[in-house]
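Tertiary structure, described
Residues per chain are reported as follows:
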Amino acid sequence: MLMKTVERTRSFFAGMKPWTTKALIAAGVGVLAAGVVAAASAQEYYADGIMPDYYKAAKGKTVAFVPIAMTFSITQEYLKEFQAQADQLGYKIVVRDPNWSVDKAVQAVEQLIVEKPDVIIAHPLDGMAFNRLVKKANDAGIYWIWANMKGSANGDAFVGANHYELDRVKVRLAADYCKNAASTKIFLIQTAPTNYTAIAGTQGVQDELKHHPELQLVGIQTGDNDANKVKSIAATVLKQHPDLCAFIGQWDGQDIGIAPAVAEAGLTGKVGIFTGGGGNKPEACDKVADGAYTAYVNYNIETQGHDINAAVMQILQTHPKPGSQPFATYVENKVLTPENVKDFKCWSVSPPK
Amino acid sequence: MRKTEGRAGGSEPSAASSERNDAAPRASLATRVLKDVDQQRIVLAIAVILFALFSIFLRGFADLGNILTLLQGVAIIGVLGLGMAIVIIGRGIDLSMIAVLVMPTAWMFVEVRNGMPIGTASLYGLVIAIAAGLLNGWLIAYLEVPSIFATLASGTIVYGTMQYLAVSDDIVPVPPQLAWTRPVFQSLSFGVPNVVIFLGIVALLVWLFLRFTVYGRFIYAIGDNPIAARTTGVPVRPILVLQYVISAVIALFAGVVLAATVSSANTRLFNSTMIYDVILVVVLGGVGLGGGKGKVSNVLVGTALIGILINGMTIMNLSFVAQNLIKASILLLAIIADSIVNPRDEQTSQQGDI
């Protein structure tokens, strides 16, 4: 333990900037792995017409990943999946961690465009901030894949949740839940207002509400990705509307603050809490099982990781002109409830250290 | 010292207004009214007016339950504001408070989950907070780095080091061994949320410290005029270190309580605008940014006003952008009021202070 700490400290001071050091380590591991795989996979492929081209398409390529931050389960799971395929097929993963800063993310992409990786996978806090850069990257011959959230530029692919449909599902669940409730009042708590989940999701809520005129949306507030802020919003709303039927949230990372507010108001079991997220075991499945959420719409990040890997390989094999043939892959929105969650296999990232 | 006490009390005229009084021996009614108007009273009046308006126009606002919710929502900001006030009275600022708020607690949760005894982990948490305070104090008192830069950097160092070494996730759930903290901090005593009681206890302790201890009085003296304080024999450098250690320890305790109330430590707060909210309640209540002026009641009044505003705006369902705009405008007004009510003292102010 002590030796480990000393070693970590030393490597920390060597780099001073943890994200830089981490990125370097990741890049180093990638190069090493690529070397090992290249040496090991000198085997010949079965010439069925497509298999050799598949492996050749990947070999020696570089895929850059710009996450929101590397400090939460979603991005850690993505990287685990990306790294696994990269190691297997002999390409390199480069991570640039902007740690929740939109500015740093933009700078990271600017820098990457100079370095010319083959593919950039962007997981944006604020997709609109990347719009100009998508075209710039495409013009520089770099393919662009959006992970789970996008801006208005398409790039080459979007892989992730259909957040519009996701929130429509939550409204339908709430409508069902509120059929026999004292009131049909619902309240929407948004994520950060510039985030794609809030932009697409809120549109979904409003469109679906047209099909449920009985539901009364009594307010929309922004939780800004902060569970504590969500908790005080929920507490205020419950004082104002003690007969509220349900909360609709847009991300479990912040909506974990709703259940304590409901409990403090003495309304546990009387107010529905509908949220969604990446389906990580401790944050999603365990919380659904212990009753923090009435229902949880899961946009499985493990599956998304596989789908993004597939998109990378599809683009590298077909190599269209960058930005010319954008496509989308949406994962299934799976509803988890306290009743069905025990039958569901939840992923979890083992702690990286 | 006498002058300092008077100014701290906010009731004696400032140097500028006494000059004005000398020039016009027969003080007009306006001057006498002006003499009694300080920022705390202005803000208190605004808070009372807002409270009355919201009570009349917003259904359910004046309900006792809502008022407690309102206080609960800003209690942590208020506690941090008390720590920040000590530093600002001593003519400094502590931007590293959010790092100390989130990181030691998150680290304690990680270690307790990994099997470290709760007592040991808590002790280490306290050591980390005190070390952060000592680092700030050393940089500011002995190396004479301006506090705004020293604490900006030290906050990033505390956050970065601990994230790199120990806390890899930015949301750390309360470990099962500490599950008992949930009922403690999520429940009520005598009908009052325990978080609000926590604010009350910290306010009492800070009030006793500032009002009745020599060190507390020294902080006012240093904030009012550091050179004069040193000349009269006040140990300026150790007291500066002390004030940063106190603010760090207050941030640590606030962090533990905050984490217990939402069942997880959220280190992402470091990247949020929370530190501005803390400065907002301190400055809004009338603690002068120039140092030497301010009391616990200033912070409590500032906290109450922000609580009333946020609660009212949430009930009115204002958008995020509108809420931020209103909060920012109020901070600007408070800073303008601060510069009018507490004019810069040309004799003691120096270039580079905030």
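For clarity, every value in this text was computed on a predicted model and none was experimentally measured.

**Some remarks on the overall build of chain B**
Summing up its helical and strand segments, chain B has 16 helices and 4 strands in all. By the burial criterion, 50% of the 354 residues in chain B qualify as buried. A fraction of 80% describes how many contacts in chain B between residues 6 or more apart in sequence connect residues 24 or more apart.

**Brief notes about the packing of helix α6 (residues 97–113) of chain B against helix α8 (residues 147–165) of chain B**
All names here are of chain B. With their axes 9 Å apart at the nearest point, α6 and α8 run at an angle of 20° to one another. One element, α6, and the other, α8, form an angle in the roughly parallel class. The chirality of how α6 crosses α8 is left-handed. Residues I98, A99, V100, M103 and W107 of α6 touch α8, and the partners they reach there are G155, V158, Y159 and M162.

**Looking at the nonpolar core**
By size, the foremost hydrophobic cluster in this structure holds 204 residues, and its most contacted members are A:I120, A:I145 and B:V100. If one sorts the elements of this core by residue count, helix α13 (residues 236–262) of chain B sits on top with 17 residues. Per-domain counts for this core show at least three residues from each of domain 1 (18–161 + 301–332) and domain 2 (163–298) of chain A. Beyond its immediate chain neighbours, meaning those up to four positions away, A:I120 contacts A:A64, A:V66, A:V109, A:L112, A:A137, A:I142 and A:W144.

**Re the environment of B:V87**
Residue and element names in this part refer to chain B. With respect to the secondary-structure elements, V87 resides in helix α5 (residues 64–89). Given 29 C-beta atoms within a 10 Å radius, V87 is considered buried. Leaving out residues up to four positions away in the same chain, V87 has contacts with G92, I93, D94, Q243, Y244 and S247.

**Structural notes on the sheet that holds strand β12 (residues 334–336) of chain A**
Residue and element names in this part refer to chain A. Taken together, 6 strands build an open sheet; the order of strands is β7-β6-β8-β9-β10-β12 and the sheet is mixed. The outermost strands of the open sheet, each flanked by one partner alone, are β7 (216–222) and β12. Averaged over all pairs of adjacent strands, the angle between their axes in this sheet comes to 20°, without regard to strand direction. For strand β6 (residues 185–190) and strand β8 (residues 246–249), the ladder comprises 4 bridges, and the chain directions are parallel.

**Looking at helix α15 (residues 296–315) of chain B**
All names here are of chain B. Taking 1.5 Å per residue, 20 residues should reach 28 Å; α15 reaches 29 Å between its end C-alpha atoms and fits that length. In terms of burial, α15 is largely enclosed, as 18 of its 20 residues are buried. A positive backbone phi angle near 60° is found at N317, which sits one or two residues after α15.

**Things to note about helix α8 (residues 196–209) of chain A**
All names here are of chain A. With 14 residues, α8 should cover 20 Å at 1.5 Å per step; its first-to-last C-alpha distance of 20 Å lies within 8% of that length. Here α8 lies mainly inside the structure; 10 of its 14 residues are buried. Of all the positions in α8, only Y196, T197, A198, I199, A200, G201, T202, G204, V205 and E208 are classed as buried. Structurally, α8 contributes buried residues whose contacts are with α7 (163–177), β6, β7 and β8.

**Quick look at unusual backbone geometry**
At A:H319, a residue that is not glycine, the phi angle is positive and equals roughly 20°. Relative to the helices and strands, A:H319 is located in the loop between α13 (301–318) and β11 (327–330).

**Things to note about the interface of chain A and chain B**
With 37 residues of chain A in contact, the opposing surface of chain B contributes 33 residues. Of all the secondary-structure elements, those providing two or more residues to the side of chain A that touches chain B are α1 (2–15), β7, α9 (227–240) and α11 (258–264) of chain A. No other element matches the 9 residues that α9(A) contributes to the side of chain A that touches chain B. Of the residues contributing to the side of chain A that touches chain B, the split by class is 16 nonpolar, 14 polar and 7 charged.

**Remarks on the domain arrangement of chain A**
All names here are of chain A. The domain architecture assigned to chain A consists of domain 1 (18–161 + 301–332) and domain 2 (163–298). Distance from the C-alpha centre of domain 1 to the C-alpha centre of domain 2: 32 Å. Taken together, the contact between domain 1 and domain 2 spans 11 residues of the former and 11 residues of the latter. Counted by class, the side of domain 1 that touches domain 2 contains 7 nonpolar, 2 polar and 2 charged residues.

**Comments concerning the confidence of the model for chain B**
Residues and elements named next belong to chain B. This prediction gives chain B a mean pLDDT of 82; 86% of its residues lie at or above 70. In the predicted structure, residues 1–25 sits below a pLDDT of 50 and forms 30 contacts with residues beyond four places in sequence or in another chain. The complex prediction reports pTM at 0.77, with the ipTM value standing at 0.71.

**A word on the sheet that holds strand β4 (residues 143–147) of chain A**
Strand pairs in the sheet, formed through backbone hydrogen bonds, run parallel or antiparallel to each other. Residues and elements named next belong to chain A. Taken in spatial order, the 6 strands make up an open sheet running β2-β1-β3-β4-β5-β11, and their pairing is parallel. The open sheet is flanked by β2 (92–95) and β11, the only strands paired with a single partner. Geometrically, the sheet is characterised by an average inter-axis angle of 20° between neighbouring strands, direction not taken into account. Note that strand β5 (residues 157–160) and β11 share 4 bridges and pair parallel. Pairing of F158 across the sheet is with A328, part of β11. This element, helix α4 (residues 73–89), spans β1 (62–66), β2 and β4 of the sheet and lies at about 155° to β2. Across the face of the sheet, helix α5 (residues 102–115) comes into contact with β1 and β3 (119–122) while running at roughly 165° to β1.

**Section: the pairing of β6(A)**
Residues and elements named next belong to chain A. Where burial is concerned, most of β6 is hidden: 6 out of the 6 residues are buried. The alternating pattern of β6 places K185, F187 and I189 on one face and I186, L188 and Q190 on the opposite face, and all of these are buried. Bridge count for β6 against β7 is 6 bridges, and the pairing is parallel. If you follow Q190 over to β7, its bridge partner there is T222.

**Structural notes on the environment of A:Q250**
Residue and element names in this part refer to chain A. Considering the arrangement of structural elements, one finds Q250 in the loop between β8 and α10 (252–255). A C-alpha to C-alpha distance of 5.7 Å links Q250 and Q190, two positions 60 residues apart in sequence. Residue contacts for Q250: discarding those within four places in its chain leaves D167, Q190, T191, T197, A198 and G201.

**Remarks on the packing of α5(B) against α13(B)**
All names here are of chain B. The N-to-C vectors of α5 and α13 enclose an angle of 175°; their axes lie 8 Å apart at closest approach. Judged on the interaxial angle alone, α13 and α5 are roughly antiparallel. Side by side, α5 and α13 meet where I76, V79, L80, L82, G83, M84, I86 and V87 of the first sit next to Q243, Y244, I246, S247, I250, A251, A254, V257 and L258 of the second. By residue class, the composition of the contact of α5 with α13 is 14 nonpolar, 3 polar and no charged.

Calculation rules
- Chains are numbered independently. Their residues run from 1 in the order of the written sequence.
- Throughout, the order in which chains and ligands are written sets their labels, letters from A for the former and numbers from 1 for the latter.
- It should be noted that, the model being predicted, local features are given only for residues of pLDDT at least 70 and side-chain atom pairs only at 80 or more, the latter also being counted only at that level, while totals for whole chains, interfaces and linings use all residues.
- Per the convention used, a helix needs a DSSP run of H or I reaching at least four residues, while a strand needs a run of E reaching at least two, with both numbered from the N terminus.
- Comment: burial labels come from other C-beta atoms within 10 Å of the residue's own C-beta, placed from the backbone, where a count of 20 or more is buried, 12 or fewer is exposed, and between is partly exposed.
- Residues are treated as contacting if the C-beta atoms built from their backbones sit within 7 Å of each other.
- For helices, the fitted axis covers only the stretch in contact; all axes are lines through C-alpha atoms, and the angles between them, taken along N-to-C directions, range from 0 to 180 degrees.
- When an angle is under 35 degrees it counts as roughly parallel; over 145 it counts as roughly antiparallel; between 65 and 115 it counts as roughly perpendicular; any other value is oblique.
- Each crossing gets its handedness from the near helix: less than a right angle anticlockwise from the far helix is left-handed, clockwise is right-handed.
- Nonpolar core, as used here: buried Ala, Val, Leu, Ile, Met, Phe, Trp, Tyr and Cys residues forming one set through C-beta atoms within 7 Å.
- The domain boundaries here were taken from an automatic or database domain assignment.
- A pair of strands is considered paired only if DSSP assigns at least 2 bridges between the two.
- Under the convention used throughout, the expected extent of a helix is 1.5 Å for every residue step, that is, one less than its residue count.
- Residues are grouped as follows: Ala, Val, Leu, Ile, Met, Phe, Trp, Tyr, Cys and Pro are nonpolar; Asp, Glu, Lys and Arg are charged; every other residue, Gly included, is polar.
- What pLDDT expresses is the predictor's confidence in each residue, scored from 0 to 100.

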